[in-house]
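Observations on the model geometry
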Amino acid sequence: MAYAITRTCCNDASCVSVCPVNCIHPTPDEPDFGRTDMLYIDPAACIDCGACADACPVDAVFPVDRLTGPDAVYGELNRDWFRDHPADHAWGAPVFPRSLPAGLDLGPGPLRVAVVGTGPSASYTAQALLRSTGAEVTMIDRLPMAGGLLRHGVAPDHQSTKRIAESFASVFRDPRLRLHLNVEVGTDLGHAELAAHHHAVVYAVGAAADRRLGVPGEDLPGSLPATTFVRWYNAEPTVPADAVALDAGTGPGAGRAVVIGNGNVAVDVARILLTDPDRLAATDIADHALAALRRSPVREVVLVARRGPGHAAWTVPEFLALTRLPGVDVVVDDHPEVRDALAAAPAGSTAALLAGLPLERLDGTAPPGPGRRIVLRFHAAPAELLGDGRVEAIRLVGTGDLADTCDLADPGDRPGSGELLRTALVVRSIGHCGVPVPGLPFDDTAGAVPHTGGRVLDPATGRPLPGTYLVGWAKRGPSGGIGANRACAEETVHALLDDAVAGALPVPSGDRRSFDRLVRTRRPDALGLRQLRAIDRAERARGEATGRPRVKLPTVPALLAAARR
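Note that this is a predicted model, so its numbers are computed, not measured. Each chain carries its own residue numbering, running from 1 in the written order of its sequence. The predicted nature of this model means local features are confined to residues of pLDDT at least 70 and side-chain atom pairs, given and counted, to a pLDDT of 80 or more, with totals for whole chains, interfaces and linings taken over all residues. Processing note: side-chain calculations cover all non-hydrogen atoms of the structure and skip hydrogens and water entirely.

A few points about the overall build of the protein
Here a strand is any run of E in DSSP of at least two residues, a helix any run of H or I of at least four, and the numbering for each starts at the N terminus. Along its length, the protein carries 19 helices and 23 strands. Taken against the 2.2 N^0.38 rule, which gives 24 Å for 565 residues, the C-alpha radius of gyration of the protein at 24 Å falls within 12% of a compact globule. Overall, the protein is about 70 × 60 × 55 Å in size when its C-alpha atoms are taken along their principal axes. Note on classification: 1.4 Å probe, protein chains only; a residue is buried when its accessible area is under 20% of the maximum for its type, exposed when over 50%, partly exposed between these limits. Per-residue burial over the protein gives 52% buried out of 565 residues. Contact between two residues is taken to exist if any of their heavy atoms lie within 4.5 Å; hydrogens are not considered. Looking at the protein alone, contacts between residues at least 24 apart form 77% of all its contacts between residues at least 6 apart. Surface accessibility follows the Shrake-Rupley procedure with a 1.4 Å probe radius. Residue values consider only the protein chains on display as shielding. Total accessible area on the protein stands at roughly 23,800 Å², and carbon and sulfur atoms take up 52% of it. Two things to know: the radius of gyration comes from C-alpha atoms, and the globule rule equals 2.2 Å times the number of residues to the power 0.38.

Okay, here's the thing in structure tokens:
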């Protein structure tokens, strides 16, 4: 019986490298890699060896005959992908890990690289350097706990996805790696100081800024970016427990939440808002979020999308999980253009996923009905948020023939009549952009640090800044899941090693010991590996007492106190 990859696929291609018959596609050297929702196993070529299941870091691979209930569809998805994408299972030329030539003169000591961040892209970068070279790596994070988006971005009901952290455990244990937590680059240390102690500095700082709607009322209480909501339920210590008030609204909109956007983050927000809190109680969700969800009056979530069903940004696995949420109905707001799009949807398309869902006209002026439901509202954009001191409603306008554009300006000038939607909570999930990194150039228009292939560019000359690199969302923008960072990190590391061989890396004036002293001087409460392990033990112990994987410490003082113990 063949194996199949299921919804928790991380796309890091660990399974591809161990498959003896090359039946898992797209592979990292194929054009579709990084563009598909997940990887797929060809049932006609699979020999049922199980090597892929053993290698999978997130437990996403199972024999097809063991897929039951909601997961049964993944056997068909794997098979159908090869119907539309005939694959050549012949082996290509072997690819060997990069390394540095013996005897390469980099100045006193080995290659030293600083990596700013400890999330997936940073961890893949450190992993590639430690596995293929004799480099010494320094990882720095502004928070007292490592993990980045793996800890503070992955939804708590996706525990299997978080298991990829186990594949990074050896990175943090490596004797050539130094860890400095609770240290902020740009505040406690500057780029020039990092560069003075390392041959190269790699920034894995993500894309932390939220795009704005640019409409009146956007800053009313009750309107917040999705990043705040996600960090709130994941106990990110810079987001206070009272950052989200689910029960603060009154009137007919108190039971309704509106999420602007329909990507995976928007789907996560909708799912967490309506999931039975008793189910979430078995996860590592923040205690304050769990308590708020137990009190929450929200029983209807409206996902508002500017474009039509064929342009939905969610991935197939995440959408399928949404439609199978126990006790929650998923319906499509009935409009003529939506009905036309669903009727014309080709098999296998994003719109075709919605074909079996009920079409119901949403009355946004009335309170939500009984039960819990998610409403998919297409061809609509926010024109303004209304309320007396707090969000009480949002006015939507039809996007009409602008459905295929990316312009969010002047929504009031769009064709179509306005529609009032009573709500007490609006979550904006319309994308992210980078934030300036002190000491690095920044393109305000693009919202990103300028680079080519991961090499940061000097805008004055258009040439790479020696020894300065990007990886992850900071490099490629807010796209791709956790596993996409593996190939992204390899590209950046290859660029760094090419520069080392070419003699293009500056020789640092300081050494590792002097950098450690500098960190202790600037940030006496900086944490290292021993303290990280103490925090991890404390959180796991708290979780064990209540039958949960861990109970996160939600504030910086609490994390520091656990570290000292």
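Thoughts on the pairing of strand 17 (residues 393–398)
With five of six residues buried, strand 17 is to be regarded as a mostly interior element. Each pair of strands is called paired provided DSSP finds at least two bridges between the two strands. As paired strands, strand 16 (residues 380–386) and strand 17 are joined by six bridges and run antiparallel to one another. Among the inter-strand pairings, Leu385 is bridged to a residue of strand 17, identified as Ile394. Where strand 16 folds back on strand 17, the antiparallel hairpin that results is connected by six residues, among which Gly389 adopts a positive phi of roughly 85 degrees. Across five bridges, strand 17 lies against strand 18 (residues 418–422) in antiparallel orientation. Its bridge partner being in strand 18, Val397 is matched across the sheet by Gly418.

Brief notes about the sheet that holds strand 10 (residues 223–225)
Ordered in space as 10-19-11-12-15-13-14, the seven strands form an open sheet in which the pairing is parallel. Each edge of the open sheet carries a strand with a single partner, namely strand 10 and strand 14 (359–360). Strand direction decides the pairing type here: strand 13 (residues 328–333) and strand 15 (residues 372–377), joined by five bridges, are parallel. Looking across to strand 15, one finds that Val332 is bridged to Leu376.

Examining helix 19 (residues 556–564)
For an α-helix, the turn length of 3.6 residues means that residues three or four places apart are oriented alike. Taken as a whole, helix 19 has its buried residues at Leu559, Leu560, Ala562 and Ala563. Within helix 19, the buried residues cover an arc of 160 degrees as seen down the axis, which keeps them to one side. Exposed side chains of helix 19 directed beyond 90 degrees from the buried face belong to Pro557 and Arg564. Looking at the buried residues of helix 19, the elements they touch are helix 5 (149–152) and helix 18 (529–544). Directions drawn from the helix axis to the C-beta atoms are what define this arc.

Here's the deal with the layout of surface pockets
In this structure, the second largest pocket occupies an estimated 1,200 Å³ of space. Cavities and pockets were defined on a 1 Å grid built from protein atoms only: a cavity is a group of points that admits a 1.4 Å probe but offers it no way out, a pocket is an open group of points flanked by protein on both sides within 12 Å along at least five of seven lines, and a lining residue is one with an atom within 4 Å of any such point. Around the second largest pocket, the lining is made up of 32 residues, and of these Ser17, Pro28, Val95, Arg486 and Glu490 lie nearest the centre. Looking at the lining of the second largest pocket, the elements with two or more residues in it are helix 1 (14–18), helix 4 (120–132) and helix 16 (484–501). Here the lining of the second largest pocket takes six residues from helix 16, the largest share from any one element. Throughout, the ten residues Ala, Val, Leu, Ile, Met, Phe, Trp, Tyr, Cys and Pro are labelled nonpolar, Asp, Glu, Lys and Arg are labelled charged, and all others, Gly among them, are labelled polar. Each residue belonging to the lining of the second largest pocket can be placed in one class, and the counts come to 15 nonpolar, eight polar and nine charged. Grid points are joined across faces, edges and corners, and a volume is the space filled by probe spheres set on the points.

Things to note about the packing of aromatic side chains
Here a pair means two rings of Phe, Tyr or Trp (six-membered ring of Trp) with centres within 6.5 Å. Their orientation is stacked below 30 degrees between planes, edge-to-face above 60, and tilted elsewhere. Throughout the structure, instances matching the rule amount to seven aromatic pairs. Measuring from centroid to centroid gives 5.0 Å for Tyr40 and Trp81, while their planes differ by 5 degrees, and the two rings are stacked. Here Trp81 lies in helix 3 (residues 73–84) and Tyr40 lies in strand 3 (residues 40–41), a separation of 41 residues in the sequence. By the burial criterion, Tyr40 is buried, and Trp81 matches it. With a centroid separation of 5.5 Å and an interplanar angle of 45 degrees, the aromatic rings of Phe229 and Trp232 are classed as tilted. Separated by three residues within a single helix, Phe229 and Trp232 lie in helix 9 (residues 226–233), roughly one turn from each other. Classification of Phe229 by relative accessible area gives buried; the value is 0%. Trp232 sits in the buried class, given a relative accessible area of 1%.

Considerations on the nonpolar core
What makes a nonpolar core is a set of buried Ala, Val, Leu, Ile, Met, Phe, Trp, Tyr and Cys residues whose side-chain atoms join them at distances within 4.5 Å. Counting residues in hydrophobic clusters, the biggest one holds 77 residues, and the most contacted among them are Ile5, Ile24, Leu39, Ile41, Met139, Leu177 and Leu496. For this core, the leading source of residues is helix 16, giving seven residues. Of all hydrophobic cores here, the second largest spans 49 residues; its members include Val239, Ala289, Ala312 and Val330.

Section: the pattern of salt bridges
Working definition: two side chains of opposite charge can pair if their charged atoms are close together. Every case where a carboxyl oxygen of Asp or Glu lies within 4 Å of a side-chain nitrogen of Lys or Arg is listed as a salt bridge. Applying the stated criterion across every chain, the model contains 37 salt bridges. Among the ionic pairs, Asp268 bridges to Arg271, the shortest N-O distance being 3.0 Å. Here Asp268 pairs with Arg271, and both are found in helix 10 (residues 264–274), just three residues apart, close to one helical turn. Each member of the pair Asp268 and Arg271 is classed as buried. Via salt bridges that share partners, Arg151, Asp536, Glu539, Arg540 and Arg550 belong to a single interconnected network.

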